[in-house]
Amino acid sequence: MSGAPWYLDCDTGIDDALTLGLLVAEGADLKGIGSVSGNLSSVGGARNTLDLMALMGRPDVPVAIGAHDPIGGVFGGGADFVHGANGIGGVELPRAGEPVEESAAEMLVRLAREHRGTLRVLAIGPLTNLALALELEPELPSLVADVVIMGGAARVPGNVTAVGEANIWNDPEAASAVFGAPWTVTMVGLDVTMVARFEEQHRVALESGGAAPAALAAMLGVYFQYYTPILGRPSCALHDPLAAAIALGAVQPTLAPVVPVEVDATEGPGRGQTLVDLRGRFVGYPAVPNARHRVVLGIPEGFGDQLLQTLLRLP
Ligand code: BDR
Ligand code: CA
C-alpha cells in the first residue's frame, strides 16, 4: 500500500465516512484532513470527521474546517435527503476533539510545502478548498505529487442535473480551476462509482463488526433508503471509497485514458458538466493537445466485497 503522505479533503457524509474507514484500515499516512461544504456544512463535516476518526482509532490526525461557501456563491444547504440531517444518517457518535486553527486551504498549502513533491491529495467533496489553495500558493501544482478526485461524469448522466455530478456541480468555478491547473488529476466519476456497490449482505455483515463497522452499518440504512428506488434493490453506490481505493492502488482501473478535461462553469444547462475529450477513441483522430487528466472509465468487479473485508478490520 502507498506509503506516501496524504491530504484528504471531504464533506463528511456517509460515503465519505466509509472512505475514512478505508483509509484508516489501509494504514494511509494521513497528515491532515480538510472539510468543505457539500453534503452538509464544512463545520458539520469537520465534526463528523473528528468523531469518526476517533471512533476508528485515529484521533491524532489534524482536521481543519474549510470553505463554507463555494467560490463566488452561497452554500445551498447540503443533501440531507441523501445523507441524513447530520450527514451521517442521524447516527450520534461520541464527540471527540476539536478542529485546528488553520483553514483547510492553509493546511493543504502547508503540507505541500512540508512534503514537497510527495504529498498526495485526495478530494471527495466539492473542490473549493483546492481552488482556494491554488490562489494562496500558485506553485501548488509543482509541490504535490498528484490529485485524485471523486467527481464528474464522462459518458453517463449527472446525479444533480442531466450532466452535473454533485461534487462538481456544487462548485463548478473551483472544479474548473482545479482541472485547469498544471497538475495530474485522476478523475473517478459516476461512470465507475455508480457500478461500485454495497448490497444488503454487505451492510448486514458490517453490523456484526466492531464499533466502527457497526456505526457505518447504521449510517448505511439511510443511504440505502435514498438509493433503493434508483438502483432497484436495497444497495448503494460507493462513490468516495472507490476513489480512495484507486488512489491507494487497492483497485486497478481496467480503463483509464489520459485525456483533456474541462468543466462547464457557465450559467447554462451544462453548468457543472465535466467535458471529457474522448475523441482519441476514434482511430486516426489527431492527438488532442493538453491531455493531462486520467479519467477512470472501467474497474474490476467485486469492489463491494473488497471494501467490506477492509472495513471489518476497523476496531
Ligand atoms: C458525491 O456527492 C456526495 O454526495 C458524495 O459524498 C460523493 O462525494 C457523489 O456524487
Ligand atoms: Ca463526498
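Preceding block: the structure.
Residues numbered from 1 in each chain as written. Chains lettered and ligands numbered in written order. Predicted model: local features only at pLDDT ≥ 70, side-chain atom pairs only at ≥ 80, totals over all residues. Heavy atoms only, no water.

Trainee: Any chance you could break down the packing of aromatic side chains for me, citing the residues and the numbers?
Mentor: Inspection of the entire model under this criterion finds 3 aromatic pairs. An angle of 85° between the planes, with centres 5.1 Å apart, marks the rings of Tyr-223 and Tyr-227 as edge-to-face. Highlighted residues: Tyr-223 and Tyr-227, both in helix H11 (residues 211-231), separated by 4 residues, approximately one helical turn. Of the two residues, Tyr-223 and Tyr-227, both sit in the buried class. An aromatic cluster is defined as three or more aromatic residues linked by ring pairs; in this entry it consists of Phe-81, Tyr-223, Tyr-226 and Tyr-227. (Phe/Tyr/Trp six-rings, centres within 6.5 Å; stacked < 30°, edge-to-face > 60°. Helix = DSSP H or I, 4+ residues; strand = E, 2+ residues; numbered from the N terminus. Buried < 20%, exposed > 50% of the residue type's maximum accessible area, 1.4 Å probe, protein only.)

Trainee: Got a sec to walk through the coordination of the calcium ion (ligand 2)? Specific residues and values, please.
Mentor: All of the protein donors around the calcium ion (ligand 2) are Asp-11 (OD), Asp-16 (OD), Asp-16 (OD), Ile-124 (O) and Asp-240 (OD); their distances to the metal are 2.3 to 2.7 Å. Look at where the donors of the calcium ion (ligand 2) fall in the sequence and you get D-x4-D-x107-I-x115-D. Placement of Asp-11 in the loop between strand S1 (5-10) and helix H1 (14-25) and of Ile-124 in the loop between strand S4 (119-123) and helix H5 (128-136) is noted, with a sequence separation of 113 residues between them. In this structure, Asp-11 and Ile-124 share a single accessibility class: buried. (Donors = N, O, S within 2.8 Å, 3.2 Å for Na, K, Ca; no water.)

Trainee: So, the site of ligand 1: which residues are in play, and what are the values?
Mentor: Near ligand 1, the surroundings consist of Asp-15, Asp-16, Asn-39, His-83, Ile-124, Met-150, Asn-159, Glu-165, Ala-166, Asn-167, His-239 and Asp-240. Interatomic distance of 3.0 Å between a side-chain N/O atom of Asp-16 and an oxygen atom of ligand 1. In this structure, an oxygen atom belonging to ligand 1 sits 2.4 Å away from a side-chain N or O atom of Glu-165. Listed by contribution, the elements that provide at least two residues to the shell around ligand 1 are H1, helix H7 (166-169) and helix H12 (239-248). Class assignment for the residues of the shell around ligand 1 results in 3 nonpolar, 5 polar and 4 charged. (Near = heavy atom within 4 Å. Polar contact = N/O pair within 3.5 Å; in protein donor to acceptor, adjacent residues only side chain to side chain. Nonpolar A, V, L, I, M, F, W, Y, C, P; charged D, E, K, R; others polar.)

Trainee: Account for the pairing of S1, with residues named and values stated.
Mentor: In regular strands, side chains alternate between the two faces of the sheet. Where burial is concerned, most of S1 is hidden: 6 out of the 6 residues are buried. Neither face of S1 is left uncovered, since the one carrying Pro-5, Tyr-7 and Asp-9 and the one carrying Trp-6, Leu-8 and Cys-10 both have all their residues buried. Where S1 lies against strand S2 (residues 29-35), 6 bridges are found, and the strand directions are parallel. Residue pairing for S2: Cys-10 is matched across the bridge by Ser-35. One crossover worth recording links S1 to the parallel S2 by way of H1, and it is right-handed. Direction of pairing for S1 relative to S4: parallel, over a ladder of 4 bridges. Directly across from Trp-6, in S4, lies its bridge partner Arg-120. (Pairing = 2+ DSSP bridges. Right-handed = clockwise from strand over helix to strand, strands pointing away.)

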